[in-house]
6 protein chains.
Amino acid sequence: MNPIWLADVVRRALNEDIGYGDLTTEAIVSANSQASGTIIAKEAGRIAGSEVAALAFHLLDPSVNFTIIAADGTDVQAGQQVAQVNGSAGPVLMGERVALNFMQNMSGIATITAQAVREAAPYKARIVDTRKTTPTLRPLEKYAVRMGGALNHRYGLDDAVLIKENHLAVAGGITQAVSLVRRRVGHMVKVEVEVEHLEQIPEALAAGVDAILLDNMDIPTMRQAVAKIAGRIIVEASGNITVDRVAEVAATGVDIISMGQLTRSAPALDLSLRLCLQ
Amino acid sequence: MNPIWLADVVRRALNEDIGYGDLTTEAIVSANSQASGTIIAKEAGRIAGSEVAALAFHLLDPSVNFTIIAADGTDVQAGQQVAQVNGSAGPVLMGERVALNFMQNMSGIATITAQAVREAAPYKARIVDTRKTTPTLRPLEKYAVRMGGALNHRYGLDDAVLIKENHLAVAGGITQAVSLVRRRVGHMVKVEVEVEHLEQIPEALAAGVDAILLDNMDIPTMRQAVAKIAGRIIVEASGNITVDRVAEVAATGVDIISMGQLTRSAPALDLSLRLCLQ
Amino acid sequence: MNPIWLADVVRRALNEDIGYGDLTTEAIVSANSQASGTIIAKEAGRIAGSEVAALAFHLLDPSVNFTIIAADGTDVQAGQQVAQVNGSAGPVLMGERVALNFMQNMSGIATITAQAVREAAPYKARIVDTRKTTPTLRPLEKYAVRMGGALNHRYGLDDAVLIKENHLAVAGGITQAVSLVRRRVGHMVKVEVEVEHLEQIPEALAAGVDAILLDNMDIPTMRQAVAKIAGRIIVEASGNITVDRVAEVAATGVDIISMGQLTRSAPALDLSLRLCLQ
Amino acid sequence: MNPIWLADVVRRALNEDIGYGDLTTEAIVSANSQASGTIIAKEAGRIAGSEVAALAFHLLDPSVNFTIIAADGTDVQAGQQVAQVNGSAGPVLMGERVALNFMQNMSGIATITAQAVREAAPYKARIVDTRKTTPTLRPLEKYAVRMGGALNHRYGLDDAVLIKENHLAVAGGITQAVSLVRRRVGHMVKVEVEVEHLEQIPEALAAGVDAILLDNMDIPTMRQAVAKIAGRIIVEASGNITVDRVAEVAATGVDIISMGQLTRSAPALDLSLRLCLQ
Amino acid sequence: MNPIWLADVVRRALNEDIGYGDLTTEAIVSANSQASGTIIAKEAGRIAGSEVAALAFHLLDPSVNFTIIAADGTDVQAGQQVAQVNGSAGPVLMGERVALNFMQNMSGIATITAQAVREAAPYKARIVDTRKTTPTLRPLEKYAVRMGGALNHRYGLDDAVLIKENHLAVAGGITQAVSLVRRRVGHMVKVEVEVEHLEQIPEALAAGVDAILLDNMDIPTMRQAVAKIAGRIIVEASGNITVDRVAEVAATGVDIISMGQLTRSAPALDLSLRLCLQ
Amino acid sequence: MNPIWLADVVRRALNEDIGYGDLTTEAIVSANSQASGTIIAKEAGRIAGSEVAALAFHLLDPSVNFTIIAADGTDVQAGQQVAQVNGSAGPVLMGERVALNFMQNMSGIATITAQAVREAAPYKARIVDTRKTTPTLRPLEKYAVRMGGALNHRYGLDDAVLIKENHLAVAGGITQAVSLVRRRVGHMVKVEVEVEHLEQIPEALAAGVDAILLDNMDIPTMRQAVAKIAGRIIVEASGNITVDRVAEVAATGVDIISMGQLTRSAPALDLSLRLCLQ
């Protein structure tokens, strides 16, 4: 991840929670109180976000010590230690909620992603995410998806081309759309087109796209599409594919399964910070 | 909501998604193409975030028209229209994903909140949220909670005092902690103390707190706590209370039920924007 | 105070003063010149802002040493040393004005506040500030008020409710206004209502507000109001109360005296930095 | 003033006051309530900041109408109307405090400046401000000084050279300091040197500075300095010159009198906004 | 281009030039003076940046009229009109330099790019830019390159993979490097590898990269490389290729020619704004 | 330079280039790889920007070592070492392009400036820059000009007055324009007026300006202007003066030669970073 961007977003999060100051901690905790604590997983899952949690404390006080026990991408069981924090009690208490909020959300995404990846493991299909992410936190969520063992679809509207139904309507067809796009983008940009019907596939192949997205097709249709495309370009299955449907979709032979669920509906992983203050 | 803050966050979200530019739309859509479309609920739920979605389009192009059909706080059925958007096709396509991402997340929170509120309806207990929110987006999530019919707990560390177990450990007890806090905060700040055992309640009452938080107590203990407190101060139940447990917790007679689940694990509400381009 | 916010505001202040660069210092002072100096109080007062002054130097050069002699909240006499600064001469000279500007303004507020607090000392009344603060610097000014020994009224429009005359006009009365507010805010928010006539007090008491603000009442009327309220809720006196009027207002028996003067019209405390360069 | 900078600072001020939202106004005031009101001077003074106040409302709602009655730079009497505001009641109530805080502080500065200017009127001396301004708000305060009829000293460390005692100590004398500076700065930068003793004046004149600052000299010494300099370069008097001392300082024949008091210790001008809501 | 980003950068540019205010214009130009003027090309070239210039005026005053005569991507002759501006004289004068600075730099890039494109026209090779751009202004410069008729190489380190010599050194070879990269990036990311010797080409082909960059090869070696690759993947020539060398490089049969010169060393196109004030 | 501003601009540049992360480096380079390298001048020139390059690495990783060999303002030959960098390979690779882009552009400006300064050396004329700089990077470019041995003209519209033809048109003449300006600006602001004809000089001298700008005059006219002004005020020659014309312009006896070319059309100096990775 980009450390400059990351520091900015964690600073914004700390500002949001602390506001004018932590009324409770400022009143009660003296400057020389020390705290040491352990982040514990209260349920099983895949960890992501330790570096972000560490930064939440370090931006408040660079002398706080944050030791990672279960690194990002590791699976933990309920009750297992994830990280330890030691330092001045004030910044530890002020940073706690922000550190946990980031880490719980990111670990929740990594956990559900790891489940999807396990479902797809027997097949060649790779799991990827979508742009259905929490606004302004996409880099963290796409990182969590990677920690879950999946890969990232495009990051935004600027790093790859995905020609959707609406674009086709304006352009007047796949051939025209791809031709317009090729005039605009350089040789390092991949072009994917979204199709809803098998009939569109020959035109897509002829137009020379790099990948084809099968939008909301049922399993038999997907299988036919895979057969038609016959390995010439990358085939992506998309549209409300949840973890429990991954295996059957993967079995159709698609190369890529994209899942909005990974970043839209992942429950947070339950982590808690048990502190001991001196 | 604060319009100045809101415009900033939506601008950040648009920047995140658009980056250097929308490669696909810039290549395909001409400046005079028009688009009109409808946001449809693909499942039943409670709407929140229409104003945010509208802003996503308006910040790209003030002339885009966004008409709200189902206002924030309204329940919709699957298939129902939520809003309409009309305008220049470029900005409509560029703003679509950001608008939906905000609205789906916020409606997801409003929907689960509305369920919790319904569970508590026969009792006097009010549902509130927590600080377990998505970092940097708390105002949106707390707003969505209100659209779900619940109320907000404190916004951050600076607008109310919540003395937790860790603070008690440092201060040496409830009496000392409350006394330190009262010296620091003005007459408009409420003070709540978190207790884990019934034995702490008399000290809390004597210390003169405004509210008491029963942390992770079982139902019979909560009932005893409510009896002990006997209406003298506000009683809040907290700790992993999910929608299916709301009714039994509310039945203990507590005044407030705070639920991290509302903002941590609410699945996004499925909304889609069907466009028609000219 | 929130260290993230504080660093931002001090950075903005340094940018404002330094702009493209310090023409004089860059031309004259070589990179290895050292400076040591002492901040002296040129008049008696209460100190506030040492931490802010220290930060002004540290943000320019982390190796500058800033030693606090008279901590925030301490009273100093004319001629007394307040702090010492040692380090590279360039950053010391470039940060001097910004450090002093913050510290003089904050100490000015602390000084006048301490005077008000002394006036109120024989009575139970506590002194608090208002929202009449310098735009964008409120957290510093509210901190200075606390260093003067007073407490803070609400920080902004979002952390407590104050129903003013204008709100009453729209709502149609205290009862209706309080009822509307209670539906909107959670259990951690206090509600205060502003009254201008004794006749409004019974309705305010009946509506169940947490505090009542007596707006611009004369002393006998305040005394009657205090009698009517009889300790049931907090009573605040407000409206052009200057230091010389504090004692007579406090003598009426009010609980809280809010003073715009503390942050609007406090003359800066005269501090100077005497440097010795090598 | 720079409109881009101004909008930024007013936005920051609104964010500070509104935070997550105006709890009171959001609860009580409906979207179609209208408000109209008048800003009244509650004491006599010189107005500055109307444009800033207008912006506070316009940034919340561009449709609010703000009509200036007493323009910046105008003198008003107690009770006189300064401006009128009409529009949607929500934004009017939410922007009121920020608008007034800016305008009261700026008008306070303009008022005391106008007094100083009146004192100097019989003499050739011009009043100027200093860098002893409120951090991050200098452009507003320097503008207010101009509305008071005075001129601005340099804006910051980057637009003119002022060689102070400390710089002289490092450089080893006026001649050396001026020579170092002339090598660094272009032909559009003026150079002023601060002197504490009459003996320094010949060296300053010989070094070819554009102006000489007489630092904390008594009246007879100033008079001697003016005689020595004999109109060859600009003479500035500085150092704790308050309004009541302006006339005697001006009578010494100096060209410029700089006064920290204008921006450090000006009491806010009392303005109030009386609203009428429908 | 992304309108949100663009407004931010133009605002920053205006702030840089205007600072505290335009001393000259504020002193001389009254609020009701009007100005109308024409931007003229003082030498022949390709125009880019009209939209940016327009924004410079609109951000200062939305009522200023900016009419584009020679649209971006158009070639103009010396003396030809490029755009017209009409409006309040103050903002027109304050925005002039910023508008011209953007437009001259961007048109300079478009102009040299158009020359390179013309050189390559008889061949299949496409001209692309590099990451050797002016820091923080890359989107403007890449846009100008497109207006010159060329395409963009990757935007940054995050939208495509370019394995350079240094990466190969760390990875231990092309095969290992490509394998590591494929595990990290999704199906929409292209992978290019930089080679310095013909001997590296078979390994690159075998590793399955999407493109190969011939780094600083001489013409005969390039020709051999093209022959070896034989159209299987995209071939890019890179390394100090200036406009006068484009044709000979293109003649080798490469697909892509990347040129740092386009954005690093393009002289600004001379444009002037002739105003007429009333 | 202002270190606060500088850190901001380098952070923005790093964000621009790194975006969501460096796909290549993150995939290939492990956390404990080390890199050491040398920045080499590939052509002769004057160095500027080492401090900026150092910061690019330090902001990514404070432990990276950056040793300056050829300090800013030094002339280097092709092949000469300029600086060395050692540290963790990840940040070294991620910061390389940004560091070089800044340093190449700044050294390009210093190099052409040094040429101009050499041309003017036999004469009294000093070379200065203009406001024709790259938007948002002016302080870097003006610094580079100084490293080239020249001086800076005004930084922006706020630090000095330059009355141009358009201002004269509005004011109705030099006398009126200067009089309006003198009422607005303090004693530390210099006033220059632009003249196009010899006839305007007497009025300019009478109006008491500090400097006169001869706009686009031919050599004989400049010589006449210099004679007319006769040393009473500073004379600046301006208007498309390129390095090859400096000597003949300087020979006319002007005091100042301002050159837009220095910052508008300086080709970047070719620098490369040769890395060695372990």
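No experiment lies behind these values; they were computed from the predicted model shown.

### Some details on the overall build of chain A
Phase 1 of the analysis: A count of helical and extended segments in chain A gives eleven helices and twelve strands.
Phase 2 of the analysis: In terms of its C-alpha atoms, chain A occupies a principal-axis envelope of roughly 70 × 40 × 25 Å.
Phase 3 of the analysis: With 278 residues in all, chain A has 66% of them scored as buried.
Phase 4 of the analysis: The long-range share in chain A, meaning contacts at least 24 apart out of those at least 6 apart in sequence, stands at 69%.
Phase 5 of the analysis: Approximately 8,900 Å² of chain A is accessible, and the part contributed by carbon and sulfur atoms is 49%.

### A word on helix α9 (residues 219-229) of chain A
Note: α-helices contain 3.6 residues per turn, so residues at a spacing of three or four share the same orientation.
Residue and element names in this part refer to chain A.
Phase 1 of the analysis: Restricting attention to buried positions, one finds in α9 the residues Ile219, Met222, Ala225, Val226 and Ile229. Seen along its axis, α9 keeps its buried residues to an arc of 115°; they face one direction.
Phase 2 of the analysis: Tucked inside the fold, the buried residues of α9 contact α8 (201-207), β9 (211-215), β10 (234-238) and α10 (246-250).

### A look at the packing of aromatic side chains
Phase 1 of the analysis: Under the definition given, this model contains twelve aromatic pairs over all chains.
Phase 2 of the analysis: Ring centres of A:Tyr20 and C:Tyr155 lie 4.2 Å apart, and the angle between their planes is 15°; this geometry places the pair in the stacked category. Here the residue A:Tyr20 occupies a position in the loop between α1 (3-18) and α2 (23-28), and C:Tyr155 occupies one in the loop between α5 (138-147) and β7 (161-163), the pair thus bridging two chains. Across this residue pair, the class does not change: A:Tyr20 and C:Tyr155 are buried.
Phase 3 of the analysis: Between E:Lys142 and the ring centre of E:Tyr155, over which it is positioned, the NZ or CZ distance is 5.2 Å.

### Focus: the interface of chain B and chain C
Phase 1 of the analysis: Listed by partner, the interface residues are 24 residues for chain B and 24 residues for chain C.
Phase 2 of the analysis: When chain B packs against chain C, the two sides together hide about 1,900 Å² of surface, and 60% of this comes from carbon and sulfur.
Phase 3 of the analysis: When the buried area of chain B at its contact with chain C is split by residue, B:His187, B:Met188 and B:Lys190 rank highest and sum to 41% of it.
Phase 4 of the analysis: Inspection of the region where chain B meets chain C yields zero salt bridges.
Phase 5 of the analysis: Remark: the boundary between chain B and chain C carries six residue pairs in polar contact (both at pLDDT 80 or more).

### Quick look at the relation of the copies chain B and chain C
Phase 1 of the analysis: By a simple turn and slide, chain B fits onto chain C: the slide is 0.0 Å along the axis, the RMSD is 0.0 Å, and the turn is 180°. The operation mapping one copy onto its partner corresponds to a two-fold rotation axis. When each C-alpha of chain B is compared by its distance to the rotation axis, B:Asp159 comes out closest, at 2.6 Å.
Phase 2 of the analysis: Taken together, the interface assignments show that 100% of the residues at the interface of chain B recur at the interface of chain C, consistent with an identical surface on both copies.

### Thoughts on the relation of the copies chain B and chain A
Phase 1 of the analysis: For the pair chain B and chain A, the best superposition has an RMSD of 0.0 Å and corresponds to a rotation of 180° with a translation of 0.0 Å parallel to the axis.
Phase 2 of the analysis: Mapped onto chain A, 98% of the interface residues of chain B are again interface residues, and the two copies thus contact each other with one and the same surface.

### Focus on the interface of chain B and chain A
Phase 1 of the analysis: Contact with chain B, which involves 65 residues of that partner, is made by 64 residues of chain A.
Phase 2 of the analysis: Where chain B abuts chain A, roughly 5,600 Å² becomes buried across the two surfaces, and 55% of that area is made up of carbon and sulfur atoms.
Phase 3 of the analysis: The shortest N-O distance in the salt bridge between B:Arg131 and A:Asp17 comes to 2.6 Å.
Phase 4 of the analysis: For the pair chain B and chain A, the number of links is 32 residue pairs in polar contact (both at pLDDT 80 or more).

### Here we look at the confidence of the model for chain A
Phase 1 of the analysis: Considering every residue of chain A, the mean pLDDT works out to 97; 100% of them sit at 70 or more.
Phase 2 of the analysis: With pTM at 0.97, the complex prediction returns an ipTM value of 0.96.

### Digging into the environment of C:Thr38
Residues and elements named next belong to chain C.
Phase 1 of the analysis: Tracing the sequence through the fold places Thr38 in strand β1 (residues 34-41).
Phase 2 of the analysis: The spacing of Thr38 and Asn86 is 48 residues in sequence and 8.8 Å in space, taken between C-alpha atoms.
Phase 3 of the analysis: Ignoring anything within four residues of it in the chain, the contact list for Thr38 reads Gln81, Ala83, Gln84, Ser272, Leu273 and Arg274.

### Some points on the pattern of salt bridges
Phase 1 of the analysis: Counted by the stated rule, this structure contains 62 salt bridges over all chains.
Phase 2 of the analysis: When the shortest N-O distance is used, the salt bridge between B:Arg46 and B:Asp75 registers 2.8 Å. Of the two residues, B:Arg46 sits in strand β2 (residues 45-46) while B:Asp75 sits in strand β4 (residues 75-76), which places them 29 residues apart along the sequence.
Phase 3 of the analysis: Accessibility expressed as a relative area gives 39% for B:Asp75, which makes it partly exposed.
Phase 4 of the analysis: Across the salt bridge formed by D:Asp210 and D:Arg182, the nearest N and O atoms sit 3.4 Å from each other. Here D:Arg182 lies in helix α7 (residues 174-184) and D:Asp210 lies in the loop between α8 (201-207) and β9 (211-215), a separation of 28 residues in the sequence.
Phase 5 of the analysis: Among the charged side chains, a network of salt bridges with common partners joins A:Asp17, B:Arg131 and B:Arg138.

### Comments concerning the packing of helix α1 (residues 3-18) of chain C against helix α3 (residues 50-60) of chain C
All names here are of chain C.
Phase 1 of the analysis: It is at 10 Å that the axes of α1 and α3 come closest, and there the two elements cross at 65°. Pair α1 / α3 crosses with right-handed handedness. In this structure, α1 uses Leu6, Ala7, Val10, Arg11, Leu14 and Ile18 to contact α3, whose residues at the interface are Glu51, Val52, Leu55, Ala56, Leu59 and Leu60.
Phase 2 of the analysis: Taken together, the residues that form the contact of α1 with α3 break down as ten nonpolar, no polar and two charged.

### Structural notes on the side chain of F:Asp129
Residues and elements named next belong to chain F.
Phase 1 of the analysis: You can see Asp129 is positioned in the loop between β6 (126-128) and α5 (138-147).
Phase 2 of the analysis: A polar contact is formed between the side chain of Asp129 and the side chain of Lys142, at a distance of 3.0 Å.
Phase 3 of the analysis: Here His153 takes part through its backbone nitrogen, which lies 2.8 Å from a polar atom of the side chain of Asp129.
Phase 4 of the analysis: If near-sequence neighbours (up to four positions away) are discounted, Asp129 is found in contact with Lys142, Val145, Leu151, Asn152, His153, Ser258, Met259 and Leu262.

### Considerations on α5(C)
Residues and elements named next belong to chain C.
Phase 1 of the analysis: Burial analysis of α5 places ten of its ten residues in the buried class, which makes it a mostly covered element.
Phase 2 of the analysis: Those residues of α5 that fall on the buried side of the exposure criterion are Arg138, Pro139, Leu140, Glu141, Lys142, Tyr143, Ala144, Val145, Arg146 and Met147.
Phase 3 of the analysis: A positive backbone phi angle near 100° is found at Gly149, which sits one or two residues after α5.

### Focus on the packing of helix α1 (residues 3-18) of chain F against helix α4 (residues 89-120) of chain F
Residue and element names in this part refer to chain F.
Phase 1 of the analysis: Two elements in contact, α1 and α4, have axes separated by 10 Å at closest approach and are oriented at 125°. Overall, the two elements α1 and α4 adopt an arrangement that is oblique. Seen from above, α1 lies across α4 with right-handed handedness. The residues of α4 that touch α1, namely those facing Val9, Val10, Ala13, Leu14, Asp17 and Ile18, are Met94, Gly95, Arg97, Val98 and Phe102.
Phase 2 of the analysis: Classifying every residue of the contact of α1 with α4 gives eight nonpolar, one polar and two charged.

### Details of the sheet that holds strand β11 (residues 256-258) of chain A
Residue and element names in this part refer to chain A.
Phase 1 of the analysis: Taken in spatial order, the six strands line up as β6-β11-β10-β9-β8-β7 in an open sheet, and their pairing is parallel. At either end of the open sheet lies a strand with only one pairing partner, and these are β6 (126-128) and β7 (161-163). Strand after strand, the sheet turns through a mean of 25° between neighbouring axes, direction not considered.
Phase 2 of the analysis: Bridge count for β9 against β10 is five bridges, and the pairing is parallel. The residue of β10 that forms the bridge with Ile212 is Val235.

### Some words on the side chain of C:Thr113
Residue and element names in this part refer to chain C.
Phase 1 of the analysis: Looking at the element boundaries, Thr113 is found in helix α4 (residues 89-120).
Phase 2 of the analysis: In this structure Thr113 comes out as buried when scored by relative accessible area, which is 0%.
Phase 3 of the analysis: Among the polar contacts listed, one links the side chain of Thr113 to the backbone oxygen of Ile109, at a separation of 2.6 Å.

### What to know about the pairing of strand β10 (residues 234-238) of chain B
All names here are of chain B.
Phase 1 of the analysis: Counted residue by residue, β10 has four buried out of five residues, so it is predominantly covered.
Phase 2 of the analysis: In this fold, the crossover linking strand β9 (residues 211-215) to β10 by way of helix α9 (residues 219-229) has right-handed handedness.
Phase 3 of the analysis: Judged from the two bridges that link them, β10 and strand β11 (residues 256-258) form a sheet pairing that is parallel. Each residue of the ladder has a partner; that of Glu236, found in β11, is Ile256.

Parameters and conventions
- Residues numbered from 1 in each chain as written.
- Chains lettered and ligands numbered in written order.
- Predicted model: local features only at pLDDT ≥ 70, side-chain atom pairs only at ≥ 80, totals over all residues.
- Heavy atoms only, no water.
- Helix = DSSP H or I, 4+ residues; strand = E, 2+ residues; numbered from the N terminus.
- Buried < 20%, exposed > 50% of the residue type's maximum accessible area, 1.4 Å probe, protein only.
- Contact = heavy atoms within 4.5 Å.
- Areas by Shrake-Rupley, 256 points an atom, 1.4 Å probe, with all protein chains shown as cover.
- Arc of directions from axis to C-beta.
- Phe/Tyr/Trp six-rings, centres within 6.5 Å; stacked < 30°, edge-to-face > 60°.
- Lys NZ or Arg CZ within 6 Å of the ring centre and 35° of its normal.
- Buried area = accessible area lost by both parts, 1.4 Å probe.
- Salt bridge = Lys/Arg side-chain N within 4 Å of Asp/Glu carboxyl O.
- Polar contact = N/O pair within 3.5 Å; in protein donor to acceptor, adjacent residues only side chain to side chain.
- Least-squares fit on C-alpha atoms with pLDDT ≥ 70 in both.
- pLDDT = per-residue confidence, 0-100.
- Axes fitted to C-alpha atoms, helices over the stretch in contact; angles between N-to-C directions.
- Left-handed = near helix turned anticlockwise from the far one by under 90°.
- Nonpolar A, V, L, I, M, F, W, Y, C, P; charged D, E, K, R; others polar.
- Parallel < 35°, antiparallel > 145°, perpendicular 65-115°, else oblique.
- Pairing = 2+ DSSP bridges.
- Right-handed = clockwise from strand over helix to strand, strands pointing away.

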